Structures are given as structure tokens and as C-alpha cells.
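# Examining the three-dimensional arrangement
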Amino acid sequence: MADLSHFDPNSVGLKTNNIFGLPFKEEDASLILLPVPWEVTVSYGEGTARGPEKIFDAAMQVDLYDPDVTDAWKKGFYMLPIDKNIRKKSDYLRQCAELILSSLVEGDDISKNEQLSEKMREINDGCTMLRNWVYEMTSSMLRSGKKVGLVGGDHSTPLGYIKALSDIHDSFGILQIDAHADLRKAYEGFTYSHASIMYNVMKEVPQVKKLVQMGIRDYCDEELMMIRENPDRIVTFFDKDIKEQQYEGANWKHICKQVIDELPQKVYISFDIDGLDPKLCPNTGTPVPGGFEMEQIFYLFKLLRDSGRQLIGFDLNEVSGADHSKDSIDAIVGARVLYKLCNYMVG
């Protein structure tokens, strides 16, 4: 156990400590955060590969008192160091992806271009490597008795972690907070695209018995068909429908309970920051008008805990770490969302 006798939770966050300025070592912390600096397949804006380090910096400004989960931090949170080899691989493959995307928007047939086809294979191999790396890292931590949270990176990053959880839990659900359905098959030719994460989960992780999506407001016919063809496994609360319920008098508690009632006992939270109103994440990769206030989602988390359901893991993704956003609110919001997730994970 960490010695907290000389730690002042009211003092400035010290960068010589770890995430949120907490004085825990990996072996002392009950919750380990795995940063995944990866954004190979992003379709629009970039910068999320630097999200984990920007969140780490911003986390030093988060006050530790949480009225919903008081003193949860005393159980210990620890973020692992950024793996520079993973980030370097992401940077290289991202350049390859940009060449492919530039060709696609011109209407070119990638299969007829030997050089671009080879780069496509290289990207898909790299993304498979990333999935396996995340699986091995999180499996090791879970086997050692740690709770785990994942900090991306783009939204493709948690697949390996969800697979690792399926080794321990034979049945669980996912609560996805997102602007996008992420149910596209191999979007833009990338098998493990950020836009395909939930498609891949549904196909590769049968232990996920229920996917409950919330805030979806940007999707295609292919995704809508998958939702409609799998009513027992996928339930989607579209942003439009939620807003119309509110316009017609439904209160937020009622809407949250509708969402929670669809979830099984064990729940994994997959939080794409673009599920929030884009004023809170203006530099995320694919911002979409609409979405939620941060406090609305925190209230949802509170009701989820009060329902007696067990939170078995989480990811937070698509928080921008681009240089142009260094003075923006993205990392500040991301750090506060992360702190709330950490507290509910151990509380």
C-alpha cells in the first residue's frame, strides 16, 4: 500500500507523481491506465495519438474531491508510460493512410495500385499488431488482479482490451457514448478502422451480449441495417430521438433509466469524447453538432452505479492532443471525464 501520510490532496498536482498528481506506483494502484497513442485510420482531423499525454498534463489541474464517489482516489490510479514505439508506428502508418485516403477521395481504385495496396496491407497488419499488443498488456494486468482503463488514441484502440475482458467474463454489455455508430465493415478498406470498432466487437467477441449506444447522430445505411437486423444484441438511442423526447417533456432521469434498463449486470463503458457537445471537444477528430453536456453523462454514471450494475472496464478515446489545441478545452474535459470513470471503476 502507498504511504499517504505525507500527501496533501489539497496541494498542487506534482508532475513528479503520476496521473492526477497522485503518489502511487504501479504495484500500489488498484486501477491501471493503459495509454494507447494510436490514430492510424482517423478519417478527418488528427491529434488523438497525443491525447493520452495531454490528458495526463491536464489531469494535474483536477481537484480530487468527487461528491459522487468520495475518496475513491485513495485506492490508487496509475497511468503507464507512453510506449514511444507504438506512437512511432502510428505516426508512420498514419502517413501511409493519408496517401490512401487522398487517392480514395479522387475516386481511384486502390486494388489497381500496387504501391498503395502494399501500404494498405501494411496498415492492416499494423492495426492487427496493435490489437494484439493491447490484448497482451491488458490481459497481464487483469491476471495480476488490477482493474484497467484504456486511454486512446482513436476509437479502434480498445478491441484488444474488450477481448481480454471476454477471457474473464463470459457475458457482459457495452455502453457506448458516441456521435457515431462505429458499425462499418472495414471502413475505407481498413479492417480495424476507428469507424469499425463496434462492428469488430460484435463479430469477434461473442461474450458481448448487448451493445447499448447513446447519442448516435452520424451514421450510414449499412450501420442502420446492422442495428435493425440485430435488435436483441444492439440497442441504439439516437441523439435525435433523445432530443425529441426532451422537447416533448421527458426528463433526463427517465431517459437515463431507459438506457440503463437495456444493459446487463456487467457493463463496459466505451466513451468516445465526440459523444459530447462539440463545444466541449472542438478539436476531436470528427466533431458532430448535437450531443451531451458532461454533467448529463456523469448523472448517467451515477444512476448506473445506483442500479447495482458492475463496471468491469472502460475506455476513453478521441480526445485531441494536437498542438493547435494546447490552449483549448479538449484535454481539460478529457481529464475530468477520465477522473470520473476512474472513481466509478474503483468506488
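Before reading further, recall that the structure is shown in the block above.
Structure report, in brief. Source: prediction; values computed, not measured. (Residues numbered from 1 in each chain as written. Predicted model: local features only at pLDDT ≥ 70, side-chain atom pairs only at ≥ 80, totals over all residues. Heavy atoms only, no water.)

### Observations concerning the overall build of the protein chain
A tally of regular secondary structure across the protein chain gives 10 helices and 8 strands. Expected size for 347 residues packed as a compact globule is a radius of gyration near 20 Å; at 19 Å, the protein chain falls within 12% of this value. A principal-axis box enclosing the C-alpha atoms of the protein chain has dimensions of 65 × 50 × 40 Å. Put simply, the protein chain shows about 15,000 Å² of open surface, and 48% of that area lies on carbon and sulfur atoms. If you average the places of the 39 positive and of the 54 negative side-chain charges in the protein chain, the two averages end up 4 Å apart. (Helix = DSSP H or I, 4+ residues; strand = E, 2+ residues; numbered from the N terminus. Rg over C-alpha atoms; globule rule 2.2 N^0.38 Å. Areas by Shrake-Rupley, 256 points an atom, 1.4 Å probe, with all protein chains shown as cover. Lys, Arg positive; Asp, Glu negative; His and termini not counted. Charge placed at Lys NZ, Arg CZ, Asp CG, Glu CD.)

### Things to note about the sheet that holds strand β3 (residues 147-152)
Here 8 strands make up an open sheet; going across it, the order is β2-β1-β3-β8-β7-β4-β5-β6 and the pairing parallel. Taken across any chain shown, the strands that pair with only one partner, and hence form the sheet edges, are β2 (77-79) and β6 (234-238). Strand-to-strand, the axes of this sheet are offset by a mean angle of 15°, without reference to chain direction. Its contacts with the sheet place helix α8 (residues 252-261) against β4 (172-177), β5 (208-216) and β6, and it is angled at close to 150° to β5. (Pairing = 2+ DSSP bridges. Axes fitted to C-alpha atoms, helices over the stretch in contact; angles between N-to-C directions. Contact = heavy atoms within 4.5 Å.)

### Some remarks on the packing of helix α9 (residues 294-306) against helix α10 (residues 330-346)
At a minimum axis separation of 11 Å, α9 and α10 run at an interaxial angle of 5°. As judged from the angle between their axes, α9 and α10 are roughly parallel. Along the contact surface, α9 presents M294, F298, F301, K302 and R305, while α10 presents V333, R336, V337, K340, L341 and Y344. (Parallel < 35°, antiparallel > 145°, perpendicular 65-115°, else oblique.)

### Section: the pattern of salt bridges
Under the counting rule described, the total for this entry stands at 17 salt bridges. Among the ionic pairs, E98 bridges to R94, the shortest N-O distance being 3.6 Å. Taken together, the residues span about one helical turn, with E98 and R94 both in helix α2 (residues 84-105) at a distance of 4 residues. Each of E46, R94 and E98 takes part in a single network of salt bridges with overlapping partners. (Salt bridge = Lys/Arg side-chain N within 4 Å of Asp/Glu carboxyl O.)

### Some points on the packing of helix α3 (residues 114-143) against helix α4 (residues 159-166)
α4 packs onto α3 with a crossing angle of 40° between their chain directions and a minimal axis gap of 7 Å. Viewed along their axes, α3 and α4 adopt a mutual orientation that is oblique. Crossing of α3 over α4 shows right-handed handedness. The segment α3 lies against α4, with R131, V134, Y135, T138, S139 and L142 engaging L159, G160, Y161, K163, A164 and L165. In the contact of α3 with α4, the residues fall into 7 nonpolar, 3 polar and 2 charged. (Left-handed = near helix turned anticlockwise from the far one by under 90°. Nonpolar A, V, L, I, M, F, W, Y, C, P; charged D, E, K, R; others polar.)

### Thoughts on the nonpolar core
If you look at the biggest cluster of nonpolar residues, it comprises 117 residues, and the most contacted ones within it are F20, F77, V201, I269, F271 and L338. With 11 residues, α10 is the single largest residue contributor to this core. Beyond its immediate sequence surroundings of up to four residues, F77 is in contact with N18, I19, F20, L22, F24, A29, L31, A72, Y339, C342, N343 and V346. (Core = buried A, V, L, I, M, F, W, Y, C linked by side-chain atoms within 4.5 Å. Buried < 20%, exposed > 50% of the residue type's maximum accessible area, 1.4 Å probe, protein only.)

### Topic: the layout of surface pockets
In this model, the largest pocket occupies a volume close to 240 Å³. Residue lining of the largest pocket: 18 residues in total, with H180, R184, Y187, H194 and A195 positioned closest to the centre. (1 Å grid on protein atoms, 1.4 Å probe; cavity = no way out; pocket = protein on both sides within 12 Å on 5 of 7 lines; lining within 4 Å. Points joined across faces, edges and corners; volume = space filled by probe spheres on them.)

### Points about the packing of aromatic side chains
Applying the stated criterion across every chain, the model contains 10 aromatic pairs. Plain terms: the ring middles of F7 and W73 are 5.5 Å apart, the flat faces sit at 65° to each other, and that makes the pair edge-to-face. Within this pair, whereas F7 is found in the segment before β1 (31-36), its partner W73 is found in the loop between α1 (51-59) and β2, the two being separated by 66 residues in sequence. Three or more aromatic residues joined by ring pairs form one cluster here, namely F271, F298, F301 and Y344. Sitting over the ring of F298, K340 keeps its end group 5.1 Å from the ring centre. (Phe/Tyr/Trp six-rings, centres within 6.5 Å; stacked < 30°, edge-to-face > 60°. Lys NZ or Arg CZ within 6 Å of the ring centre and 35° of its normal.)

### Quick look at the state of the cysteines
All chains considered together, the criterion is met by 0 disulfides. Take C96: it sits in no disulfide, and the sulfur closest to it among the cysteines is that of C127, at 11 Å. We classify C96 as buried; its relative accessible area is 2%. The thiol of C281 is not disulfide-bonded; the next cysteine sulfur, from C256, is found 18 Å away. (Disulfide = S-S within 2.5 Å.)

### Re the side chain of D330
By the element assignment, D330 lies in helix α10. One buried charged side chain, D330, makes no salt bridge at all; its nearest oppositely charged neighbour is K54, positioned 11 Å away. Of note is the side chain of D330, whose polar atom sits 2.9 Å from the side chain of N283. (Polar contact = N/O pair within 3.5 Å; in protein donor to acceptor, adjacent residues only side chain to side chain.)

### Describing helix α6 (residues 221-229)
Listing the buried residues of α6 in full gives E223, L224, M226 and I227. Down the axis of α6, the buried set is contained in an arc of 160°. They therefore lie on one face. Residues of α6 that are exposed and point more than 90 degrees away from the buried face comprise D221, R228 and E229. Taken together, the buried residues of α6 touch α5 (197-204), β5 and β6. (Arc of directions from axis to C-beta.)

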